[in-house]
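# Survey of secondary and tertiary structure
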Amino acid sequence: RKVPTGMFPALRVFYTGLAFRVWGSPRYPGALAELQRCDGQKRLSSSGERGCNEEVQKAQRAAAERNGGSPSPPTIFSRIIDRTLPADIIHEDDKCVAFRDVNPQAPVHFLVIPKTPIARLSQVNASDTELLGHLLVTASRLAHKEGLADGYRLVINDGKHGAQSVYHLHLHVIGGRQMGWPPG
């Protein structure tokens, strides 16, 4: 949708979803393509408006890289496990590590990850049953310890359409505020 620019007729401003972007500016040479890509997504934000989500874009890039056939480099999570990348670790045992999310989506937001690398939830098998149960029990205990007595949301993203941007299974535990519905 075109919006009148008033005193600046040289600028054309397009509105999409949640943001205004300036078209024709040398700072935004690909703005029209970006607007069209974002506008084409049928994604709802937590406020119910359409919008382009940076996490979705990261997930699409990660899926494309995985489908490229080249070997995958160590993930950010494997680097946290081996301590080559710092993290605010709140729990560790022989099977998993839990740490605060660097981009929290709520007052409390932490991740629980297995030390054994599993790329996606859709790739688990029966031998992973005990580990998956351990991850859920750990998430529950930590949520209680973090004061989430009124509830929380547990999220596992799987694949491109699930907005998985890191291909190392991880559970998001998100709480400390009222969650909206539907999620996504």
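Given the structure is predicted, the values throughout are model-derived calculations rather than measurements.

Neighbouring strands of a sheet are bound in pairs by backbone hydrogen bonds; such pairs are parallel or else antiparallel. Reading across the sheet, the five strands line up as E4-E5-E6-E8-E7 and stay open at both edges, with antiparallel pairing between neighbours. Since the sheet does not close on itself, it has two edges, and those belong to strand E4 (89-92) and strand E7 (152-155), each with one partner. In this sheet, adjacent strand axes meet at a mean angle of 15° when their direction is disregarded. In the sheet, strand E5 (residues 96-100) pairs with strand E6 (residues 108-114) via five bridges, with the strands oriented antiparallel. Its bridge partner being in E6, Val-97 is matched across the sheet by Ile-113. Relative to E6, helix H4 (residues 129-145) is tilted by about 155°, and along the sheet it contacts E4, E5, E6, E7 and strand E8 (171-175).

Inspection of the secondary structure assignment puts His-109 in strand E6. Given a relative accessible area of 6%, His-109 falls into the buried group. Once residues lying within four places of it in the same chain are set aside, the contact partners of His-109 are Arg-100, Asp-101, Asn-103, Pro-104, His-172, Val-173 and Ile-174. At 2.8 Å, the side chain of His-109 and the side chain of His-172 are in polar contact.

What follows deals with the confidence of the model for the protein chain. One rule of thumb: low pLDDT means the predicted coordinates there are not for detailed reading. Put simply, the protein chain has an average pLDDT of 77, and 70% of its residues get 70 or more. Low pLDDT, under 50, characterises residues 1-51; the predicted model gives this stretch 64 contacts beyond four residues in sequence or across chains.

As a further point, take the side chain of His-172. Topologically, His-172 is positioned in strand E8. Given a relative accessible area of 12%, His-172 falls into the buried group. A polar side-chain atom of His-172 sits 3.5 Å from a polar atom in the side chain of His-170. The residues contacting His-172, other than those within four sequence positions of it, are Asp-101, His-109, Phe-110, Leu-111, Arg-153, Leu-154, Val-155 and Asn-157.

Within an α-helix, residues lying three or four positions from one another point in the same direction, as the helix has 3.6 residues per turn. Its 17 residues give H4 an end-to-end C-alpha distance of 24 Å, which sits within 8% of 24 Å, the value for a rise of 1.5 Å per residue. For H4, the full list of buried residues reads Leu-131, Leu-135, Thr-138, Ala-139, Leu-142 and Ala-143. Angular distribution of buried residues about the axis of H4 spans 130°; they occupy a single face of the element. Across from the buried face of H4, at angles greater than 90 degrees, the exposed residues are Thr-129, Glu-130, Arg-141 and His-144. Of the residues trailing H4, Gly-147 is marked for its positive phi of about 85°.

To continue, consider the packing of aromatic side chains. Inspection of every chain in the model, using the stated rule, returns one aromatic pair. Measuring from centroid to centroid gives 5.7 Å for Phe-77 and Phe-99, while their planes differ by 55°, and the two rings are tilted. On the criterion of sequence distance, the pair formed by Phe-77 in helix H3 (residues 76-81) and Phe-99 in strand E5 is long-range, its members being 22 residues apart. Note on accessibility: Phe-77 and Phe-99 belong to one class, buried.

Parameters and conventions
Residues numbered from 1 in each chain as written. Predicted model: local features only at pLDDT ≥ 70, side-chain atom pairs only at ≥ 80, totals over all residues. Heavy atoms only, no water. Pairing = 2+ DSSP bridges. Helix = DSSP H or I, 4+ residues; strand = E, 2+ residues; numbered from the N terminus. Axes fitted to C-alpha atoms, helices over the stretch in contact; angles between N-to-C directions. Contact = heavy atoms within 4.5 Å. Buried < 20%, exposed > 50% of the residue type's maximum accessible area, 1.4 Å probe, protein only. Polar contact = N/O pair within 3.5 Å; in protein donor to acceptor, adjacent residues only side chain to side chain. pLDDT = per-residue confidence, 0-100. Expected span 1.5 Å × (residues − 1). Arc of directions from axis to C-beta. Phe/Tyr/Trp six-rings, centres within 6.5 Å; stacked < 30°, edge-to-face > 60°.

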